[in-house]
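Remarks on the overall topology
Chain by chain, the residues run as shown.
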Amino acid sequence: MFYLHVANRTETLLQRLAFILEEDRQQNFFAPELFLIQSQGMERMVAQGLADRFGSFCNFQFFLPLNFLGYIAERLDLGISPDGFDRQILTWRLDDLLRDHTGVEFQPLAAYMAGENSELKRFQLARRLANIFDQYQVLRPEYLASWEAGKVATDHPAEPWQVALWRRLLDQPGGGTHRGMLFRRVIEKLQGENDLSKFLPKRISVIGLHTMPPIFL
């Protein structure tokens, strides 16, 4: 069941949250209360507000959206954090792949990385691409699905060489599974016919979230 509580003051929302926690207690005394927030500032506000209301407040967990999806995936015996697609590791993988940019599709990059400080420019480009590819896995999973099928998703001139780089990443040993794929597996399992209630928490309180990628929603 989904309940929406609306107020233009966070303090009012916290009062309502405290009332719900007090009236609808966990059946399992040791089960933690779970909160989905968007910043550490909101985490401190919620924890302090509930401690003030109850005198003390413990046995809780705060999650950012990605952390929460990871928590649910672990409960379902699925994983969503392939090491090879960690942003920092991805930077070095891309830096290595960009050393070979002789293909026709990489001609736009050859001009950029030519001349002085070519190694520095290559690394800076790899770091920027790692950030972009990390965001694609969360915000544009449909693009990656098209790329993996050998198709482009837009008519942007930068897409062909991005597709080529992405497919080379997947072709590397251990590189065939990225976070976007694993997100889809979690969603498919949650949308299946099996009753998963015993694996899922009784309640998740979402407070102060202003935006959320569609795949998380």
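Everything below is about the structure shown above.
Below: a short report on this structure. (Residues numbered from 1 in each chain as written. Predicted model: local features only at pLDDT ≥ 70, side-chain atom pairs only at ≥ 80, totals over all residues. Heavy atoms only, no water.)

Evaluation of the coordinates by the stated rule reveals nine salt bridges. Between Arg9 and Glu11 there is a salt bridge, with the nearest N and O atoms lying 3.7 Å from each other. On the accessibility criterion, Glu11 (42% relative accessible area) is partly exposed. When salt bridges with common partners are traced through the structure, they connect Asp24, Glu33, Lys202 and Arg203 into a single cluster. (Salt bridge = Lys/Arg side-chain N within 4 Å of Asp/Glu carboxyl O. Buried < 20%, exposed > 50% of the residue type's maximum accessible area, 1.4 Å probe, protein only.)

Glancing now at the packing of aromatic side chains. In the structure shown here, the tally under the stated rule is 17 aromatic pairs. Ring centres of Phe133 and Trp147 lie 6.3 Å apart, and the angle between their planes is 75°; this geometry places the pair in the edge-to-face category. Of the two residues, Phe133 is situated in helix α6 (residues 118–139) and Trp147 in helix α7 (residues 141–148); the sequence distance between them amounts to 14 residues. Exposure class is identical for Phe133 and Trp147. Each is buried. The interplanar angle of 80° and the centroid separation of 5.2 Å between the aromatic rings of Phe133 and Trp166 together place this pair among those described as edge-to-face. Of the two residues, Phe133 sits in helix α6 while Trp166 sits in helix α8 (residues 159–171), which places them 33 residues apart along the sequence. Members of the aromatic cluster, joined through ring pairs, are Phe85, Phe133, Tyr136, Tyr143, Trp147 and Trp166. Against the face of Tyr112 rests Lys121, its NZ or CZ located 5.9 Å from the ring centre. (Phe/Tyr/Trp six-rings, centres within 6.5 Å; stacked < 30°, edge-to-face > 60°. Helix = DSSP H or I, 4+ residues; strand = E, 2+ residues; numbered from the N terminus. Lys NZ or Arg CZ within 6 Å of the ring centre and 35° of its normal.)

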